[in-house]
Amino acid sequence: MENPEVDFKIHRSVPVQITVLRGSNFKGSKVDNPMTYVRAEYNTFQLGDSGKMQVTDGEIEYNFTISFDCTFDGIQELDNLVHKPVILTVFEVLPKEKKKKEEKTLVLGQATVDLLPLVQGECKFTKTITIHPVGGAPLEQTISEETKPLLDIAVSVPEPLLSEAQLEGSNLLRITAETAYSVPESWNNTGPQFNYIVALFLPTSTLKELRVVFPNGILKAAGEKESSIRPKRWPISNVTAPGAQNIADSFIEICRYEDEDGELNRKEDWAFRTETENEKKRVTWNIERRCFMEPEALLRLQKHIAESMYFAVEIKRVPFAPAVKAGGKSSKIDKTEEEGPTSFHGVAYVNMAPLLYPGVKRIRGAYPIFPFNEAEIFEKTKRRKSLHRDAPGLTGGSKGLSPHSKFSIIKIKDDKAMKDAYKKNSVIMKTLVTEHETEMSAAVNIDGDQYVEARSYIVLEFSLAKPLVQKRLREELVKRIAEIIPPRPLFPRRTGGADKAVSDYHNQIISVARVIMDEYQEMFGRKLVEGKLSQEYQDQEERKHKLIFELNTSGKYFAFKEQLKHAVVKIVREKYMQTVAFEDREQLQTFLNELYIYLVDQMHCCLHKLLQVDPPNPIPESFLDSAELKHFAKEAEMIKNFELANKYHLERLTRDKSNAEHWYDYGTFHLLLTDYAKAEECFREAVAVNQEHIYSLILCGILACLNDHCEDADSFFESARSFEPSSVLAWTIQGLFYESRDRTILSEMAFAEAKKLQTSAEALKRSLDEEFADKLKVTEVPAREPENDKKDNQTVLDVSDAVTHEPSIAQSVTTPPSLTTDMVSKSILSVSSKRRKSSIKEATKIIEVLEGSERKIGSTIDVPTVIQQDDAVPTPVHEQPPRETIHRHTRSIFMQAALFLLEVNALQFVSRALAHELIFTEIEPSSEYHVVLARLYIKQEEFGKAEECLAEAGRINHQNPDIWALLGHLSYMNENYTQAKEYYERTMCYVNDTFDMHVICLRLGSIYLQEDQIQSYKSAKSIYYFASQKAPSCLTWLGVGIACYRLNELTDAEDALCEANILCNNNAEVWGYLSLVCLKTGRKLEAEQTYKYAIKLSLENKLLLDEIHQLQKTLGFGNPAL
């Protein structure tokens, strides 16, 4: 295909030689060792007979060689070689009867020799083939697996029929007509016999098209079961032995309905097909027609598929022709050319587009049969030809040419009259066809309509030896991605970095110290042993000066400096990153002072190790893990504090740059900021770290598409699919990309594959759910506890136990260095005890606050029962029935893609996915569709359109909490806090959580705090406490602390503020409220320290700052400036 210029029009002749070597397991009709010979036929021509040989003990040596010339004129002979076998017929010569001169013969069996290996490049092959007995032959009575008659044959050509270039450029197309199911009820095996024919046109390298015909379909009665193993048959009719009609080692490959490519593979069609294929009439062919395709034919085939996508496969029924009169010559093949008028003329439209998908070599499926209609065929296939018009022997039907037309074709008697006759015939044919189409345009194909009434369909298969469009291999994709984004090794600890420089410095210090100790031992060791070494200060100083003098005079001191110089230089370069000279002397002096202090500290550390002195305790690491930092970053994004979000993302990257997820999340953050260049850089970093990170590859592809780098985008999307073939998301987004580039066939392929994967995943999930449900039915559940006992147990439960899953406060406290230990320790000790006292009360109040005074639902809230380890099955907790629920349904592939793209802020592709969702929905769009569209408009700050979408979503399903959440967000952003409060409270009343419950809690709590009422403070405390239980953060605990402070619950306020300070010690408001608490509790030192940190962190809340100053003036302490 890559070289369509390869010449196949080779005008040469290559002899094909077939040698029948020997036979075995032969048995005659009257004797065990009969006289036999072999006859060879090919393409309806008899090639010759072997000599008559006597069978000995069932064995016979023929050594019979015949040959025929394979004449190349175009590709016709190659096409014959691939679909027409050599037929070998074994005859038995019967003994002569008296008074009869001629010998009688009896056909023992037939075998077929497949010549396909010659076209595939082989020059010689040997094979053992089975002789299939003809009905009634002696071999049929004695055949078994061990005693079946065999022939050994050898096939050879003197040179390859095709060169390597021709083999590379050509292809082999196999077309299999299997079975037509649910055929019209009027078809019966009784009465006149009919020939059931399937036919289609195939583009070739010449101007003419190849007519492919499958005749002699077998009508089977209803209820007749099909064999589980169905061999494919040769497309020829001159083979009389039933077994010889089958192609060796070629069988119908049956697959699941959902894996087919036809139009009846949907779930709703499965029951109909199962019933039809077991209980209704059918016509079976099981014939495979091989077609040799040269490069030009392949190009025409691809062009036809790209332009029209459909092949018209015609199905018809014609009566068998009457027997040929004496003297006439005919063959079984000619039968199909002499049949009578066509009836039940139908057509099936096969979508060939999947063959243009990369790597696809086979399509198989069930295709409905429609009444034959030429206008419809032209609309779908862009061709006006019909088999019954173009084929002289397949005429008839509602659109056939009338044999009594008033026009007649001028016969050409002389070559000289060719031009004139051609012109006249062309005019006559055009007039004839036009008039005929006009006369028959209103004709109704009554017989063909019965196909629709019976819901008939035909199963067809098209397979290629090589795909039309080569699929890039995984290795090639990896190489391509590596070219675009070179893979980066994981960031290992640098052996030549700062750590190594400090380690080398330590080693040199230890080495020098040991030399000095040896020198000291040599000078004063004897006195030390004798006990004469004075420990007076004056004596020690004298010994020190002597040691230094000795080191200086011996040159060892200079050697020590040279030994340490290289290690110090490495520290300056690696740790302090100073590689150029200082221009300012003051900067140089400052740097030298800092370096000297550091070197002395490090010297003391290594000397402590050398002298076995315990080093100081290391500074504890932060207890916040990557997931918590990500949560804090997302929270900051929600409240539009992008500077804080950027800080958390950078902290994650600082901790581990080798984690692709960190780069991926940082990239989505920059997409939110519409900084596409920085986002692409982050996603490329993620791919560089992990070349198989699916989501980063997808987003790299999206950004490449937006930058019109289509080739790179295609590589990214295809790599994502290759690395995770079962990803519905990857297939769907690649389909959206193909559609944006007007590559319709590939987009349909991607969407079809995504739907298929989604169906399989749903079926697997359904089976697992059913299995789990069955296990639950078997499991015995203890009886419920009495209601009073249950209430008692619930009273004992501690709602705050959920917080114990968070990092322990006592283990890690992150505070600025100058914060006194006393304050932190006191706060830590008071957190757990105070919180336990108020946790039950807060849990019981939360629902009352959210429902309001008119919709109280009780005084308790159900909490999960503590499960003991010894209990096999936990006692179920009674729950109130849900008031409102959301109708859950399976999301389409486009809705899944839209939700993903919305989450990662790739808004350009969201609209494309939603457009497909709108087309995909057979009825009106769902409530979820309008909600997602509203979220898109909100991100684009088109609030008016968002409100319209939410109104429509509410009309469809008012029970969707996402609607009210988004309405609350719109009101909040428009500073209509009263309306936002109503919407948020309604959202919280639903059983199902909305997609952004955390931000709702933060905003609803802030609204309550702004109302400056006791009841509102209680509500704020409850809602913030609820958020802290689900997803604790500095802001949630700060909200709890503020609400408790306003309620004058100072102990609880201090506990909550300490929790907030532990999660983030850089929040100025936390320090401000801690200062207020300390002022009111009379702790002067702590009030002053917390105030200092609030000022140091630039407290911007002017109202809070004024409140602190007023309270400081009132109490007379807390501000050092006073």
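Residues numbered from 1 in each chain as written. Predicted model: local features only at pLDDT ≥ 70, side-chain atom pairs only at ≥ 80, totals over all residues. Heavy atoms only, no water.

Undergrad: Where do I start with the sheet that holds strand 1 (residues 13-24) in this structure?
TA: By way of backbone hydrogen bonds, the strands of a sheet pair with one another, either parallel or antiparallel. Taken in spatial order, the four strands make up an open sheet running 5-1-10-8, and their pairing is antiparallel. Only two strands of the sheet have a single partner each, and these edge strands are strand 5 (60-71) and strand 8 (124-130). Ignoring strand direction, the axes of neighbouring strands in this sheet form an average angle of 20°. Across seven bridges, strand 8 lies against strand 10 (residues 150-156) in antiparallel orientation. Residue pairing across strands places Lys-127 opposite Ile-153, the latter belonging to strand 10. (Pairing = 2+ DSSP bridges. Helix = DSSP H or I, 4+ residues; strand = E, 2+ residues; numbered from the N terminus. Axes fitted to C-alpha atoms, helices over the stretch in contact; angles between N-to-C directions.)

Undergrad: So what exactly am I meant to see when it comes to the pairing of strand 7 (residues 105-113) here?
TA: Where a strand is regular, its side chains alternate between the two sheet faces. Examined bridge by bridge, strand 6 (residues 86-93) and strand 7 share eight bridges and lie antiparallel to one another. Its bridge partner lying in strand 7, Thr-89 is registered against Gln-110. As paired elements, strand 7 and strand 9 (residues 132-133) share two bridges and run antiparallel to each other. Each bridged residue has a counterpart across the sheet, and for Gln-110 the counterpart in strand 9 is His-132.

Undergrad: Explain the state of the cysteines here, please?
TA: Disulfide: a covalent bond connecting the sulfur atoms of a pair of cysteines. Using the criterion set out here, one finds zero disulfides in the structure. A disulfide-free cysteine, Cys-1064 has its sulfur positioned 4.7 Å from the sulfur of Cys-1034, the nearest such atom. Residue Cys-1064 is classed as buried on the basis of its relative accessible area of 10%. (Disulfide = S-S within 2.5 Å. Buried < 20%, exposed > 50% of the residue type's maximum accessible area, 1.4 Å probe, protein only.)

Undergrad: I'm lost on the packing of aromatic side chains in this one. Help?
TA: Two aromatic rings, taken as a pair, are described by how far apart their centres are and by the angle between their planes. Using the criterion set out here, one finds 28 aromatic pairs in the structure. A ring pair is formed by Phe-642 and Phe-669, whose centres lie 6.4 Å apart and whose planes are at 55°; its orientation type is tilted. Linking Phe-642 in helix 18 (residues 642-655) with Phe-669 in helix 19 (residues 660-672), this pair joins segments that are 27 residues apart in sequence. Consider the rings of Phe-894 and Phe-920, whose centres lie 6.0 Å apart with planes at 65°: the pair is edge-to-face. Taken as a pair, Phe-894 in helix 27 (residues 893-903) and Phe-920 in helix 28 (residues 907-920) lie far apart in primary sequence, 26 residues in all. Within the aromatic cluster, the residues linked to one another by ring pairs are Trp-187, Tyr-196, Phe-344 and Tyr-451. Directly above the ring of Phe-909 sits Arg-912, whose terminal nitrogen or CZ lies 4.4 Å from the centroid. The aromatic ring of Phe-995 is capped on one face by Arg-935, whose charged end is 4.0 Å from the ring centroid. (Phe/Tyr/Trp six-rings, centres within 6.5 Å; stacked < 30°, edge-to-face > 60°. Lys NZ or Arg CZ within 6 Å of the ring centre and 35° of its normal.)

Undergrad: Honestly, the nonpolar core in this entry has me stumped. Any pointers?
TA: A general feature of soluble globular proteins is that nonpolar side chains tend to end up buried together. In terms of nonpolar packing, the biggest core is built from 124 residues, with Leu-202, Trp-285, Phe-462, Ile-698 and Ile-733 touching the most fellow members. In this structure Phe-462 touches Leu-173, Arg-174, Ile-175, Leu-200, Phe-311, Val-350, Met-352, Leu-355, Lys-361, Arg-362 and Ile-363, once residues within four positions along its chain are discounted. Formed by 62 residues, the second largest nonpolar core is a distinct cluster that contains Ile-1023, Cys-1044, Trp-1071 and Leu-1111. (Core = buried A, V, L, I, M, F, W, Y, C linked by side-chain atoms within 4.5 Å. Contact = heavy atoms within 4.5 Å.)

Undergrad: Explanation requested: the confidence of the model for the protein in the structure shown.
TA: Should the pLDDT be low somewhere, the predicted coordinates at that spot are not to be read in detail. Summary statistics for the protein give a mean pLDDT of 79 and a share of 78% for residues scoring 70 or more. Low pLDDT, under 50, characterises residues 421-425; the predicted model gives this stretch four contacts beyond four residues in sequence or across chains. Every residue in residues 427-443 scores below 50 in pLDDT, and together they form 21 contacts with partners more than four places removed in sequence or on other chains. (pLDDT = per-residue confidence, 0-100.)

Undergrad: Looking at this structure, I do not really get unusual backbone geometry. What am I missing?
TA: Negative phi is the rule for most residues except glycine; trans is the rule for most peptide bonds. Of note in this structure, Asp-249 is not a glycine but carries a positive phi near 55°. Turning to its location among the elements, Asp-249 is positioned in strand 15 (residues 246-251). The residue Glu-975 is not glycine, and still its phi comes out positive at about 60°. The topology assignment puts Glu-975 in the loop between helix 31 (961-973) and helix 32 (977-989).

Undergrad: Before we go on, may I ask you to explain the pattern of salt bridges in this structure?
TA: Evaluated as defined, the whole model comprises 50 salt bridges. Close ionic contact of Glu-258 with Arg-256 constitutes a salt bridge, the shortest N to O distance being 3.5 Å. Salt bridges here are not isolated pairs; linked through shared partners, they connect Asp-114, Arg-174, Lys-232, Glu-288, Arg-290, Arg-362 and Glu-461. (Salt bridge = Lys/Arg side-chain N within 4 Å of Asp/Glu carboxyl O.)

Undergrad: Would you take a moment to explain helix 17 (residues 626-638) for this structure?
TA: Between the first and last C-alpha of helix 17 there are 18 Å, a value that for 13 residues agrees with the 18 Å anticipated at 1.5 Å per step. Glu-628, Leu-629, Phe-632, Ala-633, Glu-635, Ala-636 and Glu-637 are the residues of helix 17 that are buried. The inward-facing, buried residues of helix 17 contact helix 18, helix 19, helix 33 (997-1010), helix 35 (1034-1046) and helix 36 (1050-1063). Where helix 17 terminates, the next one or two residues include Lys-640, which has phi positive at roughly 60°. (Expected span 1.5 Å × (residues − 1).)

Undergrad: How should helix 15 (residues 556-574) be read in this particular structure?
TA: Because each turn of an α-helix spans 3.6 residues, side chains separated by three or four positions end up pointing in the same direction. With 19 residues, helix 15 should cover 27 Å at 1.5 Å per step; its first-to-last C-alpha distance of 28 Å lies within 8% of that length. Lys-565 marks the point of greatest bend in helix 15, at about 30°. Residues of helix 15 that are buried: Phe-560, Leu-564, Ala-567, Ile-571 and Val-572. Check the buried side of helix 15 and you find it contacts helix 13 (498-530), helix 14 (537-554) and helix 16 (585-610). (Bend = angle between axes of the 7 residues up to and from the residue.)

Undergrad: In this structure, what is going on with the environment of Pro-371? I would like to understand it.
TA: In this structure, Pro-371 sits in strand 19 (residues 362-371). Among the residues examined, Pro-371 registers a relative accessible area of 16% and is labelled buried. Spatially, the C-alpha atoms of Pro-371 and Val-452 are 7.4 Å apart, while their sequence positions differ by 81 residues.

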